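# Summary of the model geometry
Each chain is listed here by its residues.
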Amino acid sequence: MNALRHSLAACTGWLRALKERARRDPAAFALATIGLVIVAVMIGRVVAPLFADLSAMGGHDWDEHSAHRYLAVKSLREFGQFPFWNPYTCGGFSDWANVQGGVNIVSPWFPVYLLAKLRYALRVEVIGMAAISALGTWLLAGEFTKSAALRTLACVVFVVNGRWALQAATGHTWHLYYAWVPWTFWFFERTLRFTRSRCKVWNILGGGACIALMIYEGGIYPFPHTVVLLGLYALARAVHGRSLEPLTVAALFFATAFGLAGPKLLPTMADFPNHPRLTESTEAIDLTAFVQALVAREQVPGAHPAHIPRWGWHEYGMYIGWAAFLLLAAANGLAQSGRERALRFAGLWAVLLSFGAFHEYAPWTLLHQISIFRSQHVPSRWLYPAALLLGLVACAVGERYLVRSGRFRRRLEFLLLVPAFWLAFDVSLEANRPMQHAFWMKEPDVSKVDVFYTEQKVPRFLQYAKRDYAPEALPAMQAGIGVIECTMHAGLNIWAEKDARGRTPGLGARGRGAPDYRGEAFMLAGEGKAQITRFTPNEIVVHVSGARVGDTLVLNQNFDAGWRVNGRSVVNHEDALATVLQSSEGDYRFRFYPRWLWPGCLLFILTLGVFIWLLRILGRPPTSPTVSRELGAEPESQVAAGSREAEPGPPASSA
């Protein structure tokens, strides 16, 4: 309740401050309003095609990503269970330990998924994440400029440029979570700018929470990209400022994120060695492809403005237009201050990484040998966060020139909104094109089955009217049927590596149509009868009768050590769940919890507890000068000055 009261008080105070600023400087308020309207109109124009036919579902990878979200709702609504296990695709796997599983649980859009139809909730999330990205970019740009036109420029080149539209149109929903990148950098800037310890703690918590959200929401590329680029930016700030504080703050951000994401991150780390997604990434682009990706018009997934090594153009295109391209290039050549050069340093490294494996010692070639990056490919994806960083350099450089304009600044800012609007119009026109082909698939009429069973391939009655490149996952899940051949898990999908017998390692379940399918539960020796009497995603009860003690009961789900049966560990029978029978009659209850889940929850509680303790301690009034110095508190005169730091806009040094 105290936290709620503080939040309401903060919101009320912010609204009062906003009203006071509008009264004190109506011209600046009008400029900001116009800039935000331009950004909002640009977003609306890009996503408008998604609402042309609300009955349609997305093509390409949208089926897979929609199914992950649907499972979370299905588990909670129908079974009252957390979405720990997915029994419907790829023979069953830990959905919570999968980086793409349960991504709408810890999300601002989860209530929408619970209350609205899936096809509506998907559209709300797309436009909602664009709005979050725009607000974060606007606030972050405000750390480098007070100009509404320059802040609009930053939003134009990052928020919904051609890359964002191409990725959203093809169902790469993880790309939406780059929206948390500007928020992370904004909290980083505020942590370095504030002097009060309590403010620093709040901002460290905010920055760590943004990175943790990328983990919870399946940001398989935004998360590691943010870690690398924030680390490079902090390193450059530390060198230019001759201070370890930027590196310390970045380290605290990462530690906070690790703790807050513990319930998701630790199970994922425990599962990854069993189903590694190690992929080669030898892709490289030349200078022509780089330039065309930024300036070529009519960029849709099937376009070919330049030669690319593999994948579709949606993995390379990122239209911002010639005007923005030349503006960013010129502004980055004029970077002077430490912050400007630090941003340019991180941004140019991202650009260099986006060129891929052009040499055996290229940055991407070397980075791809390290940890999480061994599971990633398509290095051109680094170009998207590079646009944010290089756009911020343009904001900072532009601010310096606006300051020199003196009393003509306000008039100049109004004039600058005209080219800002033109850039937004141009980018939104091109980004709108791929979105016109995003949602076109028609769902089949699905009826739920009474008893769960597994098919080897998607049955015809569960296929879309016009199919795409991958097997359907969502319709079978809606019907309550399992399908072996799927794309829902990187280590178990139809393209995963096969062993000498032609089988996918870890895929022990079989489906109807496979020669070795023996039902959903059976005795290995063939004596007696096994029947599933209760089926839920996380708990399956099998009744055994007429069996032989010591025989092996096999459940047609992939093996995972997180399963237990009647309180005992399960047995791995050719990568399927099994147990040795202790009695010839009775129920065998299989229950699943992801490994390392409870240590992850404990880590989350400890991390949150540390921050609550720090905020309580730092919120107490000091009883003596000694205590004041120990706690980092400030005299009342300094606190009053510190309150002025919260006003938007760059610090004096950035001018």
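What comes next concerns the included structure. The structure displayed is predicted, hence computed values, not measured ones.

Quick look at the sheet that holds strand 10 (residues 552–558) now. Pairing is antiparallel across the open sheet formed by four strands, whose spatial order is 7-10-14-13. Of all the strands in the sheet, the pair left with one neighbour each is strand 7 (521–523) and strand 13 (571–573). Looking at each pair of strands side by side, their axes are set apart by 35 degrees on average, direction ignored. Pairing analysis gives three bridges linking strand 13 to strand 14 (residues 576–580), with the strands arranged antiparallel. Within the sheet, the bridge partner assigned to Val 571 lies in strand 14 and is Ala 578.

Right, let's get into the sheet that holds strand 12 (residues 568–569). Read across the sheet, five strands follow the order 8-9-15-11-12 without closing on themselves; strand pairing throughout is antiparallel. Every other strand in the sheet has two partners, leaving strand 8 (529–535) and strand 12 as the edge strands with one partner each. Pairing analysis gives six bridges linking strand 8 to strand 9 (residues 539–545), with the strands arranged antiparallel. Bridging from a neighbouring strand, Ile 532 pairs with Val 542 of strand 9.

The subject of this paragraph is empty space enclosed by the protein. What the rule picks out here adds up to five cavities of 30 Å³ or more. Here the largest cavity defines a volume of roughly 80 Å³. If you trace the largest cavity, you find it lined by His 60, Asp 63, Glu 64, Met 441, Tyr 464, Arg 467, Asp 468, Ala 470, Pro 471, Glu 472 and Thr 487. When grouped by side-chain class, the residues that make up the lining of the largest cavity number four nonpolar, two polar and five charged.

The phi dihedral of Asn 566 falls on the positive side, at around 50 degrees, and the residue is not glycine. By secondary structure assignment, the location of Asn 566 is in the loop between strand 11 (563–565) and strand 12. At Trp 596, a position not held by glycine, the phi torsion is positive, near 65 degrees. Among the secondary structure elements, Trp 596 is positioned in the loop between strand 15 (586–592) and helix 20 (597–619).

Calculation notes
Residues numbered from 1 in each chain as written. Predicted model: local features only at pLDDT ≥ 70, side-chain atom pairs only at ≥ 80, totals over all residues. Heavy atoms only, no water. Pairing = 2+ DSSP bridges. Helix = DSSP H or I, 4+ residues; strand = E, 2+ residues; numbered from the N terminus. Axes fitted to C-alpha atoms, helices over the stretch in contact; angles between N-to-C directions. 1 Å grid on protein atoms, 1.4 Å probe; cavity = no way out; pocket = protein on both sides within 12 Å on 5 of 7 lines; lining within 4 Å. Points joined across faces, edges and corners; volume = space filled by probe spheres on them. Nonpolar A, V, L, I, M, F, W, Y, C, P; charged D, E, K, R; others polar.

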